[in-house]
Amino acid sequence: MPDMPPAAGSRPVAIELNAVLVALIGEEPQVLTLQEGALLPSGPFEGDHPTLQTGLRAWVERQTHHPLGYVEQLYTFADRSRAEAATGRRIVSISYLGLTRERAAAGQHEPGWQSFYRYFPWEDWRAGPPKLVAHAILPPLGRWINEARDAAVRRERRQRVEVNFDQVSWNEELVLQRYELLYEAGLVPEAGRSKRPVADPVPPSVIGEPMRYDHRRILATGIARLRAKIKYRPVVFELMPPAFTLGQLQRAVEALAGRRLHKQNFRRLVEQQGLVEETDAMSAGTGGRPAKLYRFRREILLERAVAGTKLPLARSA
């Protein structure tokens, strides 16, 4: 049942499921949201399902009408602060990452699909280092470092900023750590108004769109997991159409990772791994020469069940 019986002296606990449901729309990574982008899809766990994952699949597909492909559990959020104001029940959220192919016709997408980068604009490095990192994020973080009275705290804060916002060796997987750092520094709206607010706070247009409760934290967890996953499992193909060009595949990986890749190195790696095969058809896109269409070799999942399929991100040339 969704509600767990409370132990003596403890508050009752309710279990809910959260879904970070990702699709590529117009070669952009988007997540399905509710209430004009303020919430991730969520709902109570239905105890008549044999497993949490089957319950999630049934619930998401019923609520969103989008069949899920790849699904994996992300994290269980059970902080003491997650409680209903009216009942005092502690809410335990079990979050999942789900991938789907967005099937709506062009111009008819559901309004619930929102870009990753609406919520985390500093994570999109496809056009190079975002100016907002140097101009709008690092200065208030510098003030946050300096406001610490203890030297050890200042040193620890400085190290965290340097690691998470290193513009020379940017680590695209640190999505959650960067968001939590900005939260701790009081620079995102979800953190609330601190007792000693940082001067010149970062405007919402720069720091990303807030979400209700801790849903932006859950979304950051999902993006970080997906960015790590595409390096060693071919989950990107769960987001691709049945036939695609190698250029489309590269742009899809770039969109998820938020960075550009070296074209020749990427294609060489795809060929070496045996991930795709030609379809004997050509793209019908307008402009430029038609390109070969490929499809994902699903048998690779069996061939590489033990060794894994490697699709690491190469540095741009």
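Residues numbered from 1 in each chain as written. Predicted model: local features only at pLDDT ≥ 70, side-chain atom pairs only at ≥ 80, totals over all residues. Heavy atoms only, no water.

**A closer look at the overall build of the chain**
Link 1 in the chain: Each helix and strand in the chain was counted, giving ten helices and nine strands.
Link 2 in the chain: Sequence-distant contacts in the chain: of pairs separated by 6 or more residues, those separated by 24 or more amount to 66%.
Link 3 in the chain: Of the accessible surface of the chain, which amounts to about 16300 Å², a share of 52% is contributed by carbon and sulfur atoms. (Helix = DSSP H or I, 4+ residues; strand = E, 2+ residues; numbered from the N terminus. Contact = heavy atoms within 4.5 Å. Areas by Shrake-Rupley, 256 points an atom, 1.4 Å probe, with all protein chains shown as cover.)

**Re the packing of aromatic side chains**
Link 1 in the chain: Using the criterion set out here, one finds eight aromatic pairs in the structure.
Link 2 in the chain: Ring centres 6.3 Å apart and planes at 55° place the aromatic pair Tyr-179 and Tyr-183 in the tilted group. Here Tyr-183 and Tyr-179 lie together in helix 5 (residues 175-184), a separation of four residues that amounts to about one turn.
Link 3 in the chain: Exposure remark for Tyr-179: the relative accessible area of 3% places this residue in the buried category. (Phe/Tyr/Trp six-rings, centres within 6.5 Å; stacked < 30°, edge-to-face > 60°. Buried < 20%, exposed > 50% of the residue type's maximum accessible area, 1.4 Å probe, protein only.)

**Section: the pairing of strand 6 (residues 90-99)**
Link 1 in the chain: Burial within strand 6 is extensive, with nine of its ten residues counted as buried.
Link 2 in the chain: Relative to strand 6, strand 2 (residues 13-25) is paired through ten bridges, and the arrangement is parallel. If you follow Ala-19 over to strand 6, its bridge partner there is Tyr-96.
Link 3 in the chain: When strand 5 (residues 71-77) meets strand 6, the two strands line up antiparallel, connected through six bridges. Bridge pairing in strand 6 places Phe-77 opposite Ser-93. (Pairing = 2+ DSSP bridges.)

**Considerations on the side chain of Ser-95**
Link 1 in the chain: Position of Ser-95 among the secondary structure elements: in strand 6.
Link 2 in the chain: Here the side chain of Ser-95 touches Tyr-75 through a polar contact of 2.9 Å, landing on its backbone oxygen.
Link 3 in the chain: When neighbours within four sequence positions are excluded, Ser-95 is seen to be in contact with Asn-18, Gln-73, Leu-74, Tyr-75, Phe-77 and Ile-218. (Polar contact = N/O pair within 3.5 Å; in protein donor to acceptor, adjacent residues only side chain to side chain.)

**Quick word on the pattern of salt bridges**
Link 1 in the chain: What the rule picks out here adds up to 21 salt bridges.
Link 2 in the chain: Where Arg-157 meets Glu-147, a salt bridge forms, and the shortest distance between an N and an O atom there is 3.9 Å. Of this pair, Arg-157 sits in helix 4 (residues 151-164) while Glu-147 sits in the loop between helix 3 (131-146) and helix 4, placing them ten residues apart in sequence.
Link 3 in the chain: Through salt bridges with shared partners, a single network forms among Glu-172, Glu-173, Lys-231 and Arg-259. (Salt bridge = Lys/Arg side-chain N within 4 Å of Asp/Glu carboxyl O.)

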